[in-house]
Amino acid sequence: MADWQIELIKVVFIWAWALIIAVVMTWVERRASAMMQDRLGPNRAGPFGLLQPLADGIKLFTKEDIIPERARKILFVLGPPLFALPAFSAYAVIPFGDKIVIGGKEIILQVSDVNIGFLFILALSAIAVYGLVIGGWASNSKYSILGGLRATAQLISYEVPMGLALLTIVLLDGTFSLREIVLQQQGTFLGFLPNWGFFKQPLGFIIFLVAAYAEANRVPFDLPECESELVTGYHTEYGSMRLGLYLFGEYVNLVTLSAITVCLFFGGWSLPYVDMSKFLGPVSYGIASFFVFFFKQAFFLFLFVWVRWTVPRFRYDQLMGLGWKALIPLGLVNLFITALLVQLTT
Amino acid sequence: MAKEIETVCITTGPTEVGDYVTLNIGPIHPAMHGTLRVITKTDGETIISAKPEIGYLHRGVEKLGENLTYSQFLPITDRLNYCSAICNNVAYEMAVEKLLGIEVPPKAQLIRMIMMELARIADHEVCVGILGVDLGALTPFFYLIIQREEIYEIFEWHHGARLTNSMGAIGGVEADLPDRFHEKWPRMRDSIRKANDDTDKLLTHNRIWMDRTVGVNAFCGDDALNWGFTGPMLRACGVKRDLRKNEPYLLYDKVDFDIPAGKHGDVFDRYMVRMLEMEQSVKIIDQAYAMYKELPEDAPLMKKVPKILRPPAGQIYHAIESPNGELGFFIRSDGSDKPYRIKIRPPCYMVYQAFDDLVKGEMISDLIACLSSLNVIAGELDR
Amino acid sequence: MPRRPVVQKEYTLGERVYLVEIAKGLKLTWKHFLFNIKASFRQGPHTVPTCWQYPEDRREIAPIFRGAHMLKLNDRGQELCVGCGMCARACPAKCITVKRGKPAEGEEEKYAGKTMSVVFEVDMLRCIFCGNCEKACPKGAIVLGQDYELAEYEPALCIYDKERLLANFQKAKAEGRLKPPPKPIPVDAPPPKKKVAAKANMAVKAGRKQGVEKQPNEQKDKETS
Amino acid sequence: MSLKERVANILKNDLLEITESKGDVCVEISRQTLVNALKRLKEEGGFDFLSDLLGIDNSDLYAKPKKKKKKTEDGTEQEQEEKGPPPPRFEVVYLLLSLSTNERLQVRVRVPEDDLELPSVTSLWRSANWPERETFDMFGIRFNGHPNMRRLLMWDEFQDYPLRKDYPLEGKGEERHLNYNIA
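Residues numbered from 1 in each chain as written. Chains lettered and ligands numbered in written order. Predicted model: local features only at pLDDT ≥ 70, side-chain atom pairs only at ≥ 80, totals over all residues. Heavy atoms only, no water.

**Points about the overall build of chain A**
Note the cut-off: Here a strand is any run of E in DSSP of at least two residues, a helix any run of H or I of at least four, and the numbering for each starts at the N terminus. Only C-alpha atoms enter the radius of gyration; for comparison, a globular chain is expected to reach 2.2 Å times N to the power 0.38, where N is the number of residues. Only protein chains enter the calculation, and the probe is 1.4 Å; a residue is then buried if its accessible area is under 20% of its type maximum, exposed if over 50%, and partly exposed in between. Any pair of residues with heavy atoms lying within 4.5 Å of one another is described as a contacting pair. The method behind every accessible area is Shrake-Rupley, applied with a 1.4 Å probe, and residues are considered shielded solely by the protein chains displayed. Only four residue types enter the charge count: Lys and Arg as positive, Asp and Glu as negative, with His and the chain ends excluded. Think of each charge as sitting on NZ of Lys, CZ of Arg, CG of Asp or CD of Glu.
Regarding its fold elements, chain A presents 12 helices and 4 strands. Over its C-alpha trace chain A gives a radius of gyration of 21 Å, about what one expects of a compact globule, namely 20 Å for 346 residues. Here chain A holds 346 residues, and the buried ones make up 56% of them. Taking contacts inside chain A between residues at least 6 apart in sequence as the whole, the part at least 24 apart equals 77%. For chain A, the accessible area works out to roughly 14400 Å², and carbon and sulfur atoms hold 73% of it. The centroid of the 24 positive side-chain charges in chain A is displaced by 4 Å from the centroid of its 23 negative side-chain charges.

Pasting the structure below:
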């Protein structure tokens, strides 16, 4: 097999995989929320209602596509893909497993090991904001534009603490490449703790997690949509599959964000205290590392759902207050201390 | 009497300069309870003014009342505050009984009390649950609504309907407490408390919830009285006034309960007052049920009234404490079988007219929180 | 400008840092989650408490539930309705149409009374299910049953004619879902009966005081007939 | 001192009539002295809470007995006519409440049909705001000095006054036409 064929297979596989997780997430979201709320949730379509996302997809595809009369048509059409695509693209630099050896050929389980993978992700998440803002503005509705404005302010403000939290990891591990970071996090630290970003940077992890929730527009930070005040905000005027792309893009975002969390703070595909590569064959090791990564990711995906159905929503000013007055100072202090420690220990 | 808990009030509000956005919230909007409409002027997210427009659910109940006989009007009262239809029924029945000069037998009074308190719990549960939903916390709503479902089952077994109850008749109640109640009540008391407890755990001390509610739409007690506030809204402002204590009707003077009161009249106080009132209602039902058990099984439930009521000429006003506050019926009779004029004093009507004052200077999110905490029911508001 | 009380926010440290209370909340939802996951492995359709899988799994409806109307037959299969129109008059929504008539010759056996209703229609689109017709009926002929699935494809089908109302009764009888006979309501202090004309005046006065008595001249009124 | 006496003491000459039915005391005062009397009731009598405010159209009430009497006796009918012109058609009832003693008082003012105006009491109780608007909406009684004397429940272009006795129950088939300008 030529290299480009392998690359193609990897691209298609990871694209489909992210898609499948996102689709299943919509089902998990509903069923888990139902279970937390003493309900049953969708259980009619297929076994346990597993075909419900499919039914939703069919419904969204077959619905009438309406563009409001006074909307900016080109931008209106451009909004949803602009939001959904960066989320998919970010998955390209995420190492979703170690490596797999097939036919003597070593295949790295990552689409491309960019040496600035880190910045790539931050840059893409910044692009995603345009999708929200353009969608909100092009709809020519007051609720939408309020949602779009909130989205801009929120995503830009939370980019900063997120970056600060990530920088600490960069400082510790000395690299921008996500694969390198995961490799650095194997082994133990202080003799008994896994060498994970979570144990080395607990504060950074919390800041990152909060910022990740804000980036993903999830409760308690779902102000851009906010169905009770802004009638779902920036996508008020959207229908059919355009709406579907927005909703779907959010779930892909969740998948990406939880993957990043696992990479940076939970040692990626590695298990603590155990080196799987020693007692597993080359092929089975690759598959095992993939699934270890997936289960860690699944936990964070569930956490997204879990938190959503537990807490109320922030108010706009409080959200900005939390971002600028609490998270950014904390992130700066954390960065400073880390830098100091790194300087002193090396 | 007027003000028992002292708070310091200052005049605040937005300055009316600059450009505004007029944002029309409602009548079709996910957070508008029923068909309410608020025309807001906003400066960014701050509200400069919020003018409520009502009348989208105006059905001419008062005009209908003038054209229906006294007993025919009873089912119409269900459609006022449909969250606690029983309170409306009993308020109307009691107003007509006052006009007729009838004293209802004690057993009927106790059954009315029990049912009204159950309705009060159901109403507060809806209000608190919806407040959570509007502030983004969906889960408590389900814990509470499940309890409301249990209460509705008792209603169904007592008088045959779940929402539009049409309970009782003029002169008493038509059915004894159902067996379901005797079976269910001991379990239900605990489950209601547990649901309230769960809600409390999820919301009350959560900082996000506190930030969203504490100090939001705070209102002064004397202003509240001037605006004609009653019920939980008034008590949240620190005025301990409850018609069940101040003008006791039925057998409320024989049961022992507290009036929970807030301090600042903000959304948090309204929420807390409602939560605590549910607790008190459970207490009242327990006591009323104990009194009910002491009565003989075949004690009368109804006073004998003629089939066609012709109250003597006169005009009366009778008010009870409905879950939202003072629900009054003014009836003028001219001696015929139909009321000459019937006027309903809905509690949330008086509260909602102060809406502009309540939300001025707050943010759009607070407007939603305020509206949910007022528990404005469009059916009652527009009549 | 509205006046507002000054509110000082007093938070404890645990409340201030967000995470403690959120963690408590997460614990609570997790408990519910586990409980319901366990419950959903139970047998049968009604797994999670208070969640009914509607078309297969139905709640028990109270026997006194006020649903679709029916016209009763007595044990000998005779129609109880005499077509007096009391129900139509008591109805606040004016949804009942009754026309009184005499049974055709040779058909007297079909009816319990001397008269019968030629037309009996209930407009279910107007009905508010208050049960006043049931209370007003002197013969106990019209009864609100337990049926609650009343949707139709045509508005005309929502006007229930006599056959449909009788069919409702037959169906309910076959399924054993008939309403129990109403219990007599214990009534307080039966009023003094006016037998003697001379005492009528006094009775009226006494009645006015109690407000429970009818005036004698009102008995002549058409409404009470 | 009973409620009646106290109210009579406060109102003095302004009091036109005092009636009681089933324990509810109702005083009648004239239009001219309305605000002044209510202010005194609020400040001296302690009736510091306005529960509600409502209008009544009495036209049927005065028309009815005449018809009935005609059927039965001639004597009483003549007596009625001797009373002179019928009392004013409309009346407005203020439902007051004393928060300290928990007593309720009804104050009524008669408004003749040809001059449908009353002074507003929104300066005394802000709770009179919407009830006054509603009374205007339903009966056409204007309240002078009200901050926003517009229709409340019916739409602004509505012509009739629905709670008047001569307005039919089913309405007159009015429809609201919303003109959205979509330019």
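This is not the end of the story, as more comes after the structure.
**Focus: the overall build of chain B**
Across its full length, chain B holds 15 helices and 8 strands. For 383 residues, the compact-globule formula gives about 21 Å, and the C-alpha radius of gyration of chain B, at 21 Å, lands near that figure. Principal axes of the C-alpha set define a box for chain B whose edges measure 70 × 45 × 40 Å. For chain B, contacts bridging at least 24 residues in sequence account for 73% of all contacts bridging at least 6. Element-wise, carbon and sulfur atoms account for 53% of the exposed surface of chain B, whose accessible area totals about 10100 Å². Between the mean site of the 44 positive side-chain charges and the mean site of the 55 negative ones, chain B shows a separation of 4 Å.

**Looking at the nonpolar core**
Note the following rule: Among buried residues, those of type Ala, Val, Leu, Ile, Met, Phe, Trp, Tyr and Cys that are joined through side-chain atoms within 4.5 Å constitute a nonpolar core.
In this structure, B:Y352 and D:Y94 are the most contacted members of the largest nonpolar core, which totals 176 residues. The element best represented in this core is helix α11 (residues 282-308) of chain A, accounting for 13 residues. Judged by nonpolar contacts, the second largest core, of 94 residues, contains B:C87, B:L99, B:I320 and C:Y11.

**Let's talk about the sheet that holds strand β3 (residues 49-57) of chain D**
Residues and elements named next belong to chain D. Selection rule: Note: two strands are recorded as paired if DSSP finds a minimum of 2 bridges between them. To get an axis, a line is fitted to the C-alpha atoms, and for a helix only the part in contact is used. The angle between two axes follows their N-to-C directions and goes from 0 to 180 degrees.
Pairing within the open sheet is mixed, and its 5 strands lie in the order β1-β2-β5-β4-β3. Unpaired on one side and paired on the other, β1 (15-21) and β3 mark the two borders of the sheet. Between one strand axis and the next, the sheet turns by 20° as a mean value, whatever way the strands run. Alignment of strand β4 (residues 90-97) against strand β5 (residues 104-111), held across 8 bridges, turns out to be antiparallel. Paired with F90 across the two strands is V111, which belongs to β5.

**A few points about the arrangement of the chains**
Of all 5 pairs of chains sharing an interface, the pair with the highest contact count is chains B and C. Looking at chain C next to chain D, you find no contact at all, with the nearest C-alpha pair sitting 10 Å apart.

**A look at a negative patch on the surface**
All names here are of chain C. This is how the line gets drawn: A residue counts toward a patch only above 30% relative accessible area and without a salt bridge, and it is joined to like-charged neighbours within 9 Å or, for Val, Leu, Ile, Met, Phe, Trp and Tyr, to nonpolar neighbours within 5 Å. Any Lys or Arg side-chain nitrogen located within 4 Å of an Asp or Glu carboxyl oxygen qualifies as a salt bridge.
Taken together, the side chains of E105, E107, E108 and E109 make up a negatively charged region of the molecular surface. When you line up the elements, E109 lands in the loop between β3 (96-101) and β4 (116-123). Looking at E109, the relative accessible area reads 60%, which means it is exposed.

**Here we look at a nonpolar patch on the surface**
A surface patch of nonpolar side chains, about 620 Å² in accessible area, is lined by A:V333, A:F336, A:I337, A:L340, A:L341 and A:L344. Mapped onto the elements, A:I337 comes out in helix α12 (residues 316-345).

**Structural notes on the side chain of A:R218**
Assignment of secondary structure puts A:R218 in the loop between α8 (202-215) and α9 (240-265). Since its relative accessible area comes to 3%, A:R218 is described here as buried.

**Let's talk about helix α5 (residues 142-173) of chain A**
All names here are of chain A. The test is simple: Expected helix span is taken as 1.5 Å per residue step, with the number of steps being one fewer than the number of residues. The definition of a polar contact used here is a pair of N or O atoms within 3.5 Å, where within protein one atom must be able to donate a hydrogen and the other to accept one, and adjacent residues in sequence count solely through side-chain atom pairs.
Across its 32 residues, α5 extends 46 Å between first and last C-alpha, which sits within 8% of the 46 Å expected from 1.5 Å per residue. N-cap assignment for α5: the residue whose side-chain oxygen lies 3.4 Å from the backbone N of Y143 is S141. Just past α5, the residue G174 takes up positive phi, approximately 70°.

**Examining the interface of chain C and chain B**
Across the boundary between the two partners, chain C contributes 52 residues, which contact 74 residues of chain B. Its salt-bridge partner being B:E174, residue C:K135 comes within 3.3 Å of it at the nearest N-O pair. Along the contact surface separating chain C from chain B lie 12 residue pairs in polar contact (both at pLDDT 80 or more). Those elements giving two or more residues to the side of chain C that touches chain B turn out to be β1 (3-5), α1 (13-16), α2 (19-40), α3 (86-90), α4 (132-136), β7 (187-188) and α6 (200-210) of chain C.

**Focus on the interface of chain B and chain D**
The accessible area lost on association of the parts is a frequent measure of interface size. Quick note on the threshold: The term buried area means the drop in 1.4 Å probe accessible area that two parts suffer when joined, counted for both and summed. Just so you know the grouping, Ala, Val, Leu, Ile, Met, Phe, Trp, Tyr, Cys and Pro go in nonpolar, Asp, Glu, Lys and Arg go in charged, and all remaining residues, Gly too, go in polar.
Listed as interface residues are 50 residues of chain B and, on the opposing side, 48 residues of chain D. Summed over both partners, the interface of chain B with chain D buries about 4100 Å², with 53% contributed by carbon and sulfur atoms. Across the contact surface, chain B and chain D share 11 salt bridges. Taken together, chain B and chain D are joined by 29 residue pairs in polar contact (both at pLDDT 80 or more). Residues of the side of chain B that touches chain D, tallied by class, amount to 21 nonpolar, 12 polar and 17 charged.

**Some details on the environment of B:L301**
On the secondary structure map, B:L301 appears in the loop between α11 (267-294) and β5 (302-303). The class for B:L301 is buried, based on a relative accessible area of 4%. Spatially, the C-alpha atoms of B:L301 and B:V173 are 5.8 Å apart, while their sequence positions differ by 128 residues. With residues near it in sequence (within four places) discarded, B:L301 still touches B:P105, B:K107, B:A108, B:I111, B:G171, B:G172, B:V173, B:A175, B:D176, C:I185 and C:P186.

**Topic: the environment of C:R126**
Residues and elements named next belong to chain C. Topologically, R126 is positioned in the loop between β4 and α4. Sequence-wise, R126 and P92 are 34 residues apart; in three dimensions their C-alpha atoms are separated by 9.8 Å. The contact partners of R126, leaving out residues within four places of it in the chain, are A93, K94 and C95.

**A few points about the pattern of salt bridges**
Should their charged atoms come close, side chains of opposite charge can pair. Using the criterion set out here, one finds 65 salt bridges over all chains in the structure. For A:D317, the salt bridge is made with A:R315, and the minimal N-O distance between the two is 2.8 Å. Taking relative accessible area as the criterion, A:D317 reaches 32% and is therefore assigned partly exposed. For B:K343, the salt bridge goes to D:D52, with nearest N and O atoms at 3.7 Å. With one member in each of two chains, B:K343 in strand β8 (residues 339-345) and D:D52 in strand β3 form a pair that bridges those chains. Considered together, B:K343 and D:D52 belong to a single accessibility category, that of buried residues. Among the charged side chains, a network of salt bridges with common partners joins B:E117, B:R120, B:R235, B:D242, B:R244, B:E277 and B:E321.

None of the figures reported here should be taken as evidence of function without further support.
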